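Below, each chain spelled out in residue letters.
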Amino acid sequence: MGLFRIMDIAGTAMNAQSVRMNATASNLANAESVSSSVETTYKARRPLFSAAMDEAYEFENSEGGVVDPVSGEPFGVGVSLKGVVESDAPTIKEYSPNHPLADKDGYIYRPNVNPVEEMADMISANRSYQTAVQVAANAKKMMAATLQLGQNANA
């Protein structure tokens, strides 16, 4: 696998973790929102990712790219965003008859967002993003070292 391919893979990982952090930030921003019905209550959002194996396999085979002779799979694939889905966890129903948004039975509805889980997810996404940045930085260093080898040979 070439160093440029490593940069591509690290880029897809950084993009994935950026989407993950944005979804978590949105969930945290709406954690304390209140609604008068289950239908209008904010629901936690989660991005769905997959390794871009199928797309890479089709591309590599159609382009005559390098494929592992043992597994038949392309060398190195990135991360693909498949979509963002709403959590199916139930909303929190709270009895608060004096609240201005209370329904006819006196209930308000809060999002199904757990701030502790969201913070743990944010920390995990941040660390994964940092790891992808480090991979890209190391690939850049290897490219620079390769260019230095060529300069030293001509000296």
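Residues numbered from 1 in each chain as written. Predicted model: local features only at pLDDT ≥ 70, side-chain atom pairs only at ≥ 80, totals over all residues. Heavy atoms only, no water.

Of the regular secondary structure elements, the protein chain holds 3 helices and 4 strands. Residues counted as buried form 26% of the 155 residues belonging to the protein chain. Of the contacts made within the protein chain by residues no fewer than 6 positions apart, 70% connect residues no fewer than 24 positions apart. Entry remark: accessible area of the protein chain is about 10,000 Å², with carbon and sulfur atoms responsible for 57%. (Helix = DSSP H or I, 4+ residues; strand = E, 2+ residues; numbered from the N terminus. Buried < 20%, exposed > 50% of the residue type's maximum accessible area, 1.4 Å probe, protein only. Contact = heavy atoms within 4.5 Å. Areas by Shrake-Rupley, 256 points an atom, 1.4 Å probe, with all protein chains shown as cover.)

Glancing now at the packing of aromatic side chains. Applying the stated rule across the entire model yields 1 aromatic pair. It is Lys-93 that lies over the ring of Tyr-107; its NZ or CZ is 4.4 Å from the centre. (Phe/Tyr/Trp six-rings, centres within 6.5 Å; stacked < 30°, edge-to-face > 60°. Lys NZ or Arg CZ within 6 Å of the ring centre and 35° of its normal.)

Our focus in this paragraph is the pattern of salt bridges. Here the structure, examined in full by the defined rule, presents 5 salt bridges. Taking the shortest distance from any N to any O, the salt bridge between Glu-118 and Arg-46 comes out at 2.7 Å. With Glu-118 in helix H3 (residues 115-154) and Arg-46 in strand S1 (residues 45-51), this pair connects stretches of sequence that are 72 residues apart. The residue Lys-104 makes a salt bridge to Asp-105 at a minimum N-O spacing of 3.9 Å. (Salt bridge = Lys/Arg side-chain N within 4 Å of Asp/Glu carboxyl O.)

Looking at the secondary structure, you find Asp-88 in the loop between strand S2 (79-86) and strand S3 (92-95). Sequence separation of Asp-88 and Arg-45 is 43 residues, and the distance between their C-alpha atoms is 9.5 Å.

Averaged over the protein chain, the pLDDT score is 85; the fraction of residues at 70 or greater is 79%. Looking over the protein chain, one finds the lowest element-wise mean pLDDT in helix H2 (residues 53-62), namely 63, and the highest in strand S4 (residues 107-110), namely 95. (pLDDT = per-residue confidence, 0-100.)

Summarising the element assignment, Thr-91 is placed in the loop between S2 and S3. When neighbours within four sequence positions are excluded, Thr-91 is seen to be in contact with Val-38, Thr-41, Tyr-109, Arg-110 and Asn-112.

Before going further, it helps to spend a moment on helix H1 (residues 3-29). Helix length check: H1, at 27 residues, gives a terminal C-alpha distance of 39 Å against a target of 39 Å (1.5 Å per residue), a fit within 8%. Buried residues of H1: Ile-9, Ala-10, Met-14, Ala-16, Gln-17, Val-19, Arg-20, Met-21, Ala-23, Thr-24 and Asn-27, and no others. (Expected span 1.5 Å × (residues − 1).)

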